[in-house]
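What the coordinates show
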Amino acid sequence: MNYKNISGLMLLLGTLLTSCEEEFIPGDTIYEKQLVIECYLEKSSNNIPVYAIISYSLPFYSSFGIDVVNNSFVRSADVSIYDGVSRYTLQELCLSSLQEPLRTEVIKQFGFNPDSIKTDICIYVDLSGQIKPKEDVNYELRVITQSDTFFSQTQIPDLIPIDSFWFEKPPGKNSNDTFAQMFCIISDLQGQSDYYRYLTAGKEEQLTAGIASVTDDVFFDGQKFKFTLSKAQGADESFGDNTGLFKRGDTVQIKWCNIPESHFSFWSTLETSRTRQGPFSSYVRINGNIQNGLGIFGGQNCAYYKIVVPK
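Okay, so let's go over this structure. (Residues numbered from 1 in each chain as written. Predicted model: local features only at pLDDT ≥ 70, side-chain atom pairs only at ≥ 80, totals over all residues. Heavy atoms only, no water.)

This brings us to the overall build of the protein chain. Tallying secondary structure elements over the protein chain gives four helices and 16 strands in all. Looking at the 311 residues of the protein chain, the share that counts as buried comes to 41%. Pairs at least 24 apart in sequence give 69% of the contacts found in the protein chain among residues at least 6 apart. When the accessible surface of the protein chain is totalled, it reaches about 18,400 Å², and 52% of it is carbon and sulfur. (Helix = DSSP H or I, 4+ residues; strand = E, 2+ residues; numbered from the N terminus. Buried < 20%, exposed > 50% of the residue type's maximum accessible area, 1.4 Å probe, protein only. Contact = heavy atoms within 4.5 Å. Areas by Shrake-Rupley, 256 points an atom, 1.4 Å probe, with all protein chains shown as cover.)

Another point: the sheet that holds strand S4 (residues 87–89). An order of S4-S3-S7-S8 is seen for the four strands of this open sheet, with the pairing classed as antiparallel. Only two strands of the sheet have a single partner each, and these edge strands are S4 and strand S8 (149–154). The average angle at which neighbouring strand axes cross in this sheet is 20 degrees, direction not considered. For strand S3 (residues 78–82) and S4, the ladder comprises three bridges, and the chain directions are antiparallel. (Pairing = 2+ DSSP bridges. Axes fitted to C-alpha atoms, helices over the stretch in contact; angles between N-to-C directions.)

One non-glycine residue with positive phi stands out, namely Ser76, at about 60 degrees. Structurally, Ser76 can be placed in the loop between helix H2 (66–72) and S3.

Once that is clear, we can look at the side chain of Lys255. Summarising the element assignment, Lys255 is placed in strand S15 (residues 251–258). A polar contact of 2.8 Å, which involves the side chain of Lys255, links it to the side chain of Glu42. Ignoring any residue separated from it by four or fewer positions in sequence, one finds Lys255 in contact with Glu42, Ile48, Arg197, Tyr198, Leu199, Leu207, Gln300, Cys302, Ala303 and Tyr304. (Polar contact = N/O pair within 3.5 Å; in protein donor to acceptor, adjacent residues only side chain to side chain.)

By size, the foremost hydrophobic cluster in this structure holds 27 residues, and its most contacted members are Leu95, Ile121, Ile123, Ile259 and Trp267. Secondary-structure elements contributing two or more residues to this core are strand S2 (51–56), strand S5 (91–94), helix H3 (102–109), strand S6 (122–125), helix H4 (261–275) and strand S16 (294–308). Sorting elements by how many residues they give to this core places H4 first, with four residues. When sequence neighbours within four positions are dropped, the list of residues in contact with Leu95 reads Arg103, Ile107, Ile117, Thr119, Asp120 and Ile121. (Core = buried A, V, L, I, M, F, W, Y, C linked by side-chain atoms within 4.5 Å.)

What follows covers the sheet that holds S15. Spatially, eight strands are ordered S5-S6-S2-S1-S16-S15-S11-S12 in an open sheet, and the strand pairing comes out mixed. Unpaired on one side and paired on the other, S5 and strand S12 (208–216) mark the two borders of the sheet. With direction set aside, neighbouring strand axes in the sheet form an average angle of 30 degrees. Here S2 pairs with S6 via two bridges, running antiparallel. What sits directly across from Ala52, in S6, is Tyr124. On top of the sheet, H4 reaches strand S1 (35–43), strand S11 (195–201), S12 and S16; it is set at about 125 degrees to S12, its chief contact.

This next bit is on the side chain of Thr104. Summarising the element assignment, Thr104 is placed in helix H3. When its relative accessible area of 18% is taken as the criterion, Thr104 is described as buried.

Shown next as C-alpha cells:
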C-alpha cells in the first residue's frame, strides 16, 4: 500500500471539506428596499373582508425586534381595488388603535392567535364590506405610496368542492385507534387548468396551511379523483409517526380553495423554497404578481367544512 498517496488523498479531502465550510457573507451593497404586498380577495360563506398587508423588505443583516417589525409596515398609503366598474378604497387599521374585545376578535378573524401577536400590525381593509368578490371579474389592486405606484391583477376561479369525506385506519405501525387518515373525492372540471389550496385546524386550533398546501390538476384533469388529505403540518412542528393524521373524536375544520394560476405559483415556489436547506440546495425565486414589488394579490373561492373524526 502506498501510504504517500493515501496521505496526499487525505490532504486533498481535508482541503475540499474546509472549502465547503467556508463562511458565506452576502454583500450589503446590492440590497434595495422593496415594497411587499399580501392581499386577498376571498369568496366564501365566512364573509372575510378584503384586506392587504403592506410592508417593506428588510436587508439580510437586519436585527429582528418588535420596533424593526413595527417600522416595516407602510402607513398612509392609498390602497384601492377596481372591479371594472367601481374603485373601492381600503381603510388603514392598526391594532394599537383598537380596544378589547374588538382587537382580539379582529386578530381571530384574520386567522391569528391573539396571544402570539406582540407587534402593532397595520392592515388596509374593506371595513364596510363594499367589495363582493365573484367569479368572471378581473380585479385590479393599486397601491400608491409616497415614492411609487404598484399594480396587480387577479380573478376568482370556479369553486370545485369536496364531494365526500371519510376516515380509515392509517397503514403500518400507525394502525391504531387514536388517529385516523382522511380520504376525499373531488370532481375536477374537464378542459381547464384548476389549482387547489387547503388549510386544516383541529379543535381550538387556528387554520394552518401545510408545507405542501397547493396542487394543480395535471394528473387528474376532468376526473373524479380520490386522494388523502393530510392534517397540515406547521413550519415549526417536528415530524413524527402521527404527522398528517387526525385525532379520533376531534372536530376538524377544512378550508378548501380554488385559486388562479398566479396565486398557485406564488405558494408553490414559496413552499418549495422552505424545503431547500443546507449549503448544497439550489435557490428558488418566489413568483409573485406585484408589478415592481414583491408578494401576492390572490383571488380564492373557498368552502369551509367541519367534520367530526369518528372514534
